[in-house]
There are 2 protein chains.
Amino acid sequence: MKIGILGYGNLGRGVESAVRQNEDMELTCIITRRDPKTVKPATEGVEVYSVDEIEKVKDKIDVLVLCGGSATDLPVQTPEFARYFNVIDSFDTHARIPEHFANVDRAAKENGHVALISCGWDPGMFSLMRLYGASILPEGNDYTFWGKGVSQGHSDAIRRVKGVKNGKQYTIPVEVALEAVRKGENPELTTRQKHTRECFVVPEEGADLAQIEQDIKTMPNYFADYDTTVHFITEEEFSRDHAGIPHGGFVFRTGVTGFEKEHKHVVEFSLKLDSNPEFTSSVILSFARAVYRLSREGVSGCKTVFDIAPAYLSPLSGEELRAHML
Amino acid sequence: MKIGILGYGNLGRGVESAVRQNEDMELTCIITRRDPKTVKPATEGVEVYSVDEIEKVKDKIDVLVLCGGSATDLPVQTPEFARYFNVIDSFDTHARIPEHFANVDRAAKENGHVALISCGWDPGMFSLMRLYGASILPEGNDYTFWGKGVSQGHSDAIRRVKGVKNGKQYTIPVEVALEAVRKGENPELTTRQKHTRECFVVPEEGADLAQIEQDIKTMPNYFADYDTTVHFITEEEFSRDHAGIPHGGFVFRTGVTGFEKEHKHVVEFSLKLDSNPEFTSSVILSFARAVYRLSREGVSGCKTVFDIAPAYLSPLSGEELRAHML
C-alpha cells in the first residue's frame, strides 16, 4: 500500500515512522501547504508536493493520511481530499463528528473513495472499548479517564497567560476514583473528582508568579473546575524533564448480570503511551490498511472505527488469524 | 430477535438471564437432549423441545445459541445445527478451531445460514484485544494471563484424584509478572512464572491427605509445571466460600514506536468477572445480534469475532453511535 501524508507536524512524522514498522506499506509522498522545498522528510526517496499539485500525486497514493488539526484544518481538508483519494483522519471534536461525517461521506461517495474519520485512541480505540463494553453489559456504567499525559489544549492555554514564557499541562486521573470504579462501586464522579491538572510553567523574567498561578487556576473551562497545581521551573528544567508528549488513559465498563443482577463485572482497558502522536499514528495506519482493503472491494463512503471488522486491520490472513490469534 | 438455546446448563441459563437485559431480544425456546419434561426454564412462556423436534422450532428461532461443551458436543452440534439455523457457539479448543471453522462454514454456506464460532472472552474478547494490539503495534509482545478464577478442567482433574470428595481450582496470575509486563519490561516468562494454582479440596473421610496433595501437585499437564497450593476444607466451607464461578484475566500488548524505537507503549485489557458463564453469555448475545443482522443482509458462512464490525453488536444506530460513543 502506498501511503501519503498531508501535513508534516508531530502526527505526520509519527505516520512516517510507523510506516517503517509495517512491511506491507510504503510512504510515497508528503503533501504540504508550505513551500515543498522547506520540508525535509526523514525517509529517503519520499517526495514532497504542494497542495496545489494534487494531479501529480493522484496515482502515487492508495491512502492519504490527513495530519492537520481538528479546529480548522480537517473540517475543510477531509471532505476536500476525499474527492481525490481514500483518506483517513483523526478528527477529535466529539460534538462535531456527525456534521463532519456527513460532509466527508458525501464527498467520498460522489468520487468512489473510502474515508475513515476520527481514528486514533480517543476517539478511536477508547470509542471501540465503550461500544464493546456497552454492547456486552447493557446494564452498567461507562467511565473514561485520561492521563497521565500532556493536554495540548491546556498547555496552549497556559502559554497565553501574561508573564508565561513556556508551559506544559499534565492531566492526571484521580487514583481514588480509579480504584472505586475498578472495584465496581459505580461512583458518581464530578469533574473535580475524576482528574487533577498539573502545570509546569517557565515564567518570563520579573513576572508576577502569584498572579500567573491565580490566572491559571481560575481560568474558566480549562482549570476552574479542577484541582490544579502550578510549578515554576527554569527553561533548562523544562527542556530536560518535559520534552516528551506522553499520554494514556482508562476506559471502564462495569455492569451486572444474573436473574437477580447479583453478579458484578468490570471491564478495563488502559493505555500508557510514551508518545501520543506516535501511538495515534500507529492506530491510524492499521485502519488505513482497512480503508485500502475496503476500497479494493468496491466500497465507498465515510466510515468510523465502529464499521471496521477487526480482521481488516491485520496483515495476516483470516486463516492465520484463526489459527494463531483466536 | 428470537433466541433459542441448545443445552440448559450454566451457559444456557446465563443466556436465558442475559436475554432479559437486551430489549430487542426474546427467548422463544430451549432445545434439549434430555426429556423436555425434565427441563424447567426460569422464564415464563419459554417452550422446551427435544433435539428430535427441529422441524417444530424452525420458525421460532432467529439465532440458536449452542451451549454445549467443546470436547464432544460442539464439534458435532455446530455443523449439524448450522443446517437449520443461524448459530453461535463458544468453541474454545484453540488448536482445533481451523477444523471446526471449516466444518461449520461448509454447513452454513450450503444452507444459507450465518454461524459464528468461538465467541466469549477467551476465545472472544481476549482474541480481539490480541488482534487490535498486534495490528497497532507491529513491533511488540503479547501477554495473556488468566485469573483469578475457577478453571473447570483443573477442578475436574482434582475431583478425579483418589480420596477427593469435592474440589475447586483457582488459576492466579503472578503479581510480579503482571507488574513487569505492565512496566514494559518485556520479560520472558515460563509457565511457572506466569500463574500459580490454588486448590480447595474436600477429602473423603479417612483419606490420606499427604497422598492427595502429592497426587495433585505432581499431576502432569495440569499441575506439575506450576507452583500449586492445596488447602483441605470441609464440605460446609466449600459450599459457603467456593460456590461461585468467578474468572477474569489480562491481555497486554507492549511495543515500541519512533525512528529509533525510543518510545514504549503498554496496552492493557482486563476482566474481573463474578460469573464466568454469565459474562460469556453476555458476549455471545451481543454477537448473536451481529449474526442476525448479517443473515438479514444475505450473508452466509462461518464467521469469528474478527469478522464482525463492532457497530453490529450494538442496538444503537450508526448515527447514535457516532453521536454518543465515538
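Quick notes on the rules
- Residues numbered from 1 in each chain as written.
- Chains lettered and ligands numbered in written order.
- Predicted model: local features only at pLDDT ≥ 70, side-chain atom pairs only at ≥ 80, totals over all residues.
- Heavy atoms only, no water.
- Contact = heavy atoms within 4.5 Å.
- Buried area = accessible area lost by both parts, 1.4 Å probe.
- Salt bridge = Lys/Arg side-chain N within 4 Å of Asp/Glu carboxyl O.
- Nonpolar A, V, L, I, M, F, W, Y, C, P; charged D, E, K, R; others polar.
- Pairing = 2+ DSSP bridges.
- Helix = DSSP H or I, 4+ residues; strand = E, 2+ residues; numbered from the N terminus.
- Axes fitted to C-alpha atoms, helices over the stretch in contact; angles between N-to-C directions.
- Buried < 20%, exposed > 50% of the residue type's maximum accessible area, 1.4 Å probe, protein only.
- Lys, Arg positive; Asp, Glu negative; His and termini not counted.
- Polar contact = N/O pair within 3.5 Å; in protein donor to acceptor, adjacent residues only side chain to side chain.
- Right-handed = clockwise from strand over helix to strand, strands pointing away.

Caption draft 1: A look at the interface of chain B and chain A. With 68 residues of chain B at the contact, the number on the chain A side is 68 residues. Taken together, the two surfaces of chain B and chain A that pack against each other cover about 6100 Å², and 65% of this comes from carbon and sulfur. Considering only the side of chain B, the residues that lose the most area to chain A are Gln21, Phe259 and Leu326 of chain B, jointly responsible for 15% of the buried surface there. Along the contact surface separating chain B from chain A lie zero salt bridges. Along the lines of polarity and charge, the residues of the side of chain B that touches chain A split into 35 nonpolar, 17 polar and 16 charged. As paired elements, strand β13 (residues 263-273) of chain A and strand β13 (residues 263-273) of chain B share nine bridges and run antiparallel to each other. Following the sheet pairing, Leu273 of chain A is matched in β13 of chain B by His265 of chain B.

Caption draft 2: Just the sheet that holds strand β11 (residues 227-232) of chain A, in detail. Residues and elements named next belong to chain A. If you trace the four strands from one edge of the open sheet to the other, you get β8-β9-β10-β11, paired in mixed fashion. The sheet is open, and its two edges are formed by β8 (149-150) and β11, each paired on a single side. Of the strand pairs in this sheet, β8 and strand β9 (residues 164-173) are connected by two bridges, and their pairing is antiparallel. Opposite Gly149, over in β9, you have Thr171 as the bridge partner. Across the sheet, helix α6 (residues 152-159) lies against β8, β9 and β10 (195-203), angled at about 145° from β9, the strand it touches most. Across the sheet, helix α9 (residues 209-217) touches β9, β10 and β11, and the angle it forms with β11 is around 150°.

Caption draft 3: The arrangement of the side chain of Asp89 of chain A in detail. All names here are of chain A. Locating Asp89 in the fold gives a position in the loop between β5 (86-88) and α4 (97-110). In this structure Asp89 is buried but unpaired, with Arg96 as the nearest side chain of opposite charge at 11 Å. Among the polar contacts made by the side chain of Asp89, one reaches the main-chain amide nitrogen of Phe91 at a distance of 3.0 Å. For Asp89, the side chain forms a polar contact with the main-chain nitrogen of Ser118, separated by 2.9 Å.

Caption draft 4: Examining the pairing of strand β11 (residues 227-232) of chain B more closely. All names here are of chain B. As paired strands, strand β10 (residues 195-203) and β11 are joined by six bridges and run parallel to one another. Within the sheet, the bridge partner assigned to Cys199 lies in β11 and is Val230. With helix α9 (residues 209-217) bridging β10 and its parallel neighbour β11, the resulting β-α-β unit is right-handed.

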